[in-house]
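What follows is each chain in one-letter form.
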Amino acid sequence: MQWTDRIRQTKILLVVAAVLIAVASLVASNLLTRDLYEEEHKKMEIWAEAMRTLNVDDGNDGMNLVLKVIEDNTTIPVVVVDEKGEVQISRNTDEKASPAELARQWKAAGHSIRILYDDANPKEYIDVCYDDSLMLKRLAVYPYVQLGVVLLFVVIAIFALLTSKRAEQNKVWVGLSKETAHQLGTPISSLMAWTEILKEQYPDDSLLGEMEKDVRRLQLIADRFSKIGSLPEPVPSNMNEVLTRVAEYMSRRVSNKVHIQKLLPPEPVIVPLNASLFEWVIENLCKNAVDAMEGSGRITLFLGVEMDLVVVEVSDTGKGIRKKDLKSVFKPGFTTKQRGWGLGLSLAKRIVEEYHHGRIFVKASEVGRGTTFRIELKR
């Protein structure tokens, strides 16, 4: 549990750091955009003053400088209209757009400077209407594009991290499972041989039958481990029989205070699956239920058909799962037991989703009341 918490905290810190960097970049870009906007506004004030000088000055002194100021504006769109709204000059505007309409829009947005021909006669004037330059517009959009790119990079990085982590986990799963099956193989073979010898020497001993059952059980466990990492071919199986076998096996290995209840339909429910591995899933859920109930309570195995789905639910009357832990129960390493490894539910999820293309999740859980796990398989 501590290990999964550290992983979660690391992811949160990485995301927060990326967001802070992106926000800092956004703020810096906005400050730069504001400075550029103010500079363009000052340029338009100078340009408007040049227009006023051009209209009121009849002499030639300084006229070359005025014309140069007007002609040097090659980036800022501007439309000059008189008091009647008629266009006098239009520069750097879209040829397809109406200059009069552009002037109206820009004036409504507050992008206009009024120039009086004569301070004593306020009825004669021109309005210099302007818009942000293309460079300023691009710079205003750039921070958001940059933020999107940073967030996209963070998402890709996290996805790549999770993918590589999962691939590494898969290799560990497969290697550990194969090695476990290999290590179990030799002693199981020896036990089988010794059992046959004991049966010949003590044919009437009733304990040998129980020993033989345990040896076969070990052989089944080794077979299950050997199938991890491969894709076993699903075979049409009777789900009623699968759950019955699990219930009988668990009943023999729990105390009398644990009652296992089966709610199965009267007709057989046939599902393509690997019965050996699927039984392992149900056994894991039942064993977790026994631990959660601390040796006293009721386990209910429910089997039903909903539309095109076969539904299996394993319910218990145990201590339940806390809400904050519901998203972590299937993660490798997560456990609430002092001596647990946190691998059972992770392995169950792998078997259901990757081998049987189904779905397993916590349907309901209430602290102090119990938990229900739900498995959905396609018919």
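Basis of the calculations
- Residues numbered from 1 in each chain as written.
- Predicted model: local features only at pLDDT ≥ 70, side-chain atom pairs only at ≥ 80, totals over all residues.
- Heavy atoms only, no water.
- Helix = DSSP H or I, 4+ residues; strand = E, 2+ residues; numbered from the N terminus.
- Buried < 20%, exposed > 50% of the residue type's maximum accessible area, 1.4 Å probe, protein only.
- Contact = heavy atoms within 4.5 Å.
- Areas by Shrake-Rupley, 256 points an atom, 1.4 Å probe, with all protein chains shown as cover.
- pLDDT = per-residue confidence, 0-100.
- Salt bridge = Lys/Arg side-chain N within 4 Å of Asp/Glu carboxyl O.
- Expected span 1.5 Å × (residues − 1).
- Axes fitted to C-alpha atoms, helices over the stretch in contact; angles between N-to-C directions.
- Left-handed = near helix turned anticlockwise from the far one by under 90°.
- Nonpolar A, V, L, I, M, F, W, Y, C, P; charged D, E, K, R; others polar.
- Core = buried A, V, L, I, M, F, W, Y, C linked by side-chain atoms within 4.5 Å.
- Phe/Tyr/Trp six-rings, centres within 6.5 Å; stacked < 30°, edge-to-face > 60°.
- Pairing = 2+ DSSP bridges.
- Polar contact = N/O pair within 3.5 Å; in protein donor to acceptor, adjacent residues only side chain to side chain.

**A look at the overall build of the protein chain**
On a plain count of helices and strands, the protein chain comes out with eight helices and eleven strands. Evaluated residue by residue, the protein chain yields a buried proportion of 36% over its 379 residues. The long-range share in the protein chain, meaning contacts at least 24 apart out of those at least 6 apart in sequence, stands at 68%. A total accessible area of about 23300 Å² is found for the protein chain, and carbon and sulfur atoms account for 58% of it.

**Here we look at the confidence of the model for the protein chain**
Taken over all residues, the pLDDT of the protein chain has a mean of 79, while the share at 70 or more is 80%. Within the protein chain, helix α2 (residues 63–71) has the poorest average pLDDT of any element, 55, and strand β9 (residues 309–316) the best, 95.

**A closer look at the pattern of salt bridges**
Under the criterion given, the structure shown has 17 salt bridges. In this structure, the salt-bridge partner of Glu 212 is Lys 199, at a minimum N-O distance of 3.5 Å. You can see Glu 212 sitting in helix α5 (residues 207–227) and its partner Lys 199 sitting in helix α4 (residues 134–201), a full 13 residues away along the chain. With a closest N to O distance of 3.5 Å, Arg 359 and Glu 376 form a salt bridge. Taken as a pair, Arg 359 in strand β10 (residues 359–366) and Glu 376 in strand β11 (residues 370–378) lie far apart in primary sequence, 17 residues in all. Judged by its relative accessible area of 14%, Glu 376 falls in the buried class. One connected set of salt bridges, linked through shared partners, spans Glu 306, Glu 313, Arg 359, Lys 363, Arg 374 and Glu 376.

**As for helix α7 (residues 275–293)**
Look at α7: 27 Å from first C-alpha to last across 19 residues, which is about the 27 Å you get at 1.5 Å a residue. Within α7, 16 of the 19 residues are buried, leaving the element largely enclosed by the surrounding structure. One or two residues past the end of α7 sits Glu 294, with phi positive at roughly 55°.

**Quick look at the packing of α7 against helix α8 (residues 344–355)**
Across the interface, α7 lies against α8 with an axial gap of 9 Å and an inter-helix angle of 145°. Two packed elements cross with a definite hand, and for α7 against α8 that hand is left-handed. Residues Leu 277, Trp 280, Val 281, Asn 284, Leu 285 and Asn 288 of α7 form the contact with α8, whose own contacting residues are Gly 344, Leu 345, Leu 347, Ala 348, Ile 351, Val 352 and Tyr 355. Here the contact of α7 with α8 is composed, by residue class, of ten nonpolar, three polar and no charged.

**Here we look at the nonpolar core**
Counting residues in hydrophobic clusters, the biggest one holds 45 residues, and the most contacted among them are Met 239, Phe 278, Ile 282, Ile 299 and Ile 375. The dominant element in this core, judged by the number of residues it contributes, is α7, at eleven residues. Not counting the four nearest positions on each side in its chain, Met 239 is found in contact with Val 269, Val 271, Leu 273, Phe 278, Leu 303, Val 312 and Leu 377. Listed in part, the nine residues of the second largest apolar core include Met 44, Ile 76, Val 78 and Val 80.

**Regarding the packing of aromatic side chains**
Summed over the entire model, instances satisfying the criterion amount to one aromatic pair. Here the aromatic rings of Phe 330 and Phe 373 are separated by 6.1 Å at their centres, their planes lie at 85°, and the arrangement is edge-to-face. Of the two residues, Phe 330 is situated in the loop between β9 and α8 and Phe 373 in strand β11; the sequence distance between them amounts to 43 residues. Using a relative accessible area of 8% as the deciding quantity, one classes Phe 373 as buried.

**As for α8**
Between its first and last C-alpha, α8 extends 16 Å over twelve residues, near the 16 Å set by a 1.5 Å rise per residue. For α8, the full list of buried residues reads Leu 345, Ser 346, Leu 347, Ala 348, Arg 350, Ile 351, Val 352 and Tyr 355.

**Considering unusual backbone geometry**
The phi dihedral of Asn 92 falls on the positive side, at around 60°, and the residue is not glycine. Tracing the backbone through its elements, the reader meets Asn 92 in the loop between β2 (87–91) and α3 (99–108). Its identity as a non-glycine residue notwithstanding, Met 307 has a phi of 55°, on the positive side. Turning to its location among the elements, Met 307 is positioned in the loop between β8 (297–306) and β9.

**Some words on the sheet that holds β11**
On the basis of which strands lie adjacent, the open sheet formed by five strands has the order β6-β8-β9-β11-β10 and mixed pairing. Each edge of the sheet is formed by a strand with only one pairing partner; in this case those strands are β6 (258–263) and β10. Along the sheet, successive strands turn relative to each other by an average axial angle of 15°, direction set aside. In terms of strand pairing, β6 meets β8 through six bridges, oriented parallel. Residue Gln 261 lies in a different strand from β8, and its bridge partner there is Thr 300. The strands touched by α8 are β10 and β11; relative to β10, the strand with the most contacts, the crossing angle is about 135°.

**Regarding the environment of Lys 107**
By secondary structure assignment, the location of Lys 107 is in helix α3. If we ignore the near neighbours within four places in the chain, the residues touching Lys 107 are Val 81, Ser 112, Asp 127 and Cys 129. Here the side chain of Lys 107 touches Asp 127 through a polar contact of 3.0 Å, side chain to side chain.

**Side note on the side chain of His 356**
Secondary-structure assignment places His 356 in the loop between α8 and β10. Among the polar contacts made by the side chain of His 356, one reaches the main-chain carbonyl oxygen of Ile 351 at a distance of 2.9 Å. In contact with His 356, not counting residues within four places along its chain, are Pro 272, Leu 273, Asn 274, Phe 278, Ile 351 and Leu 377.

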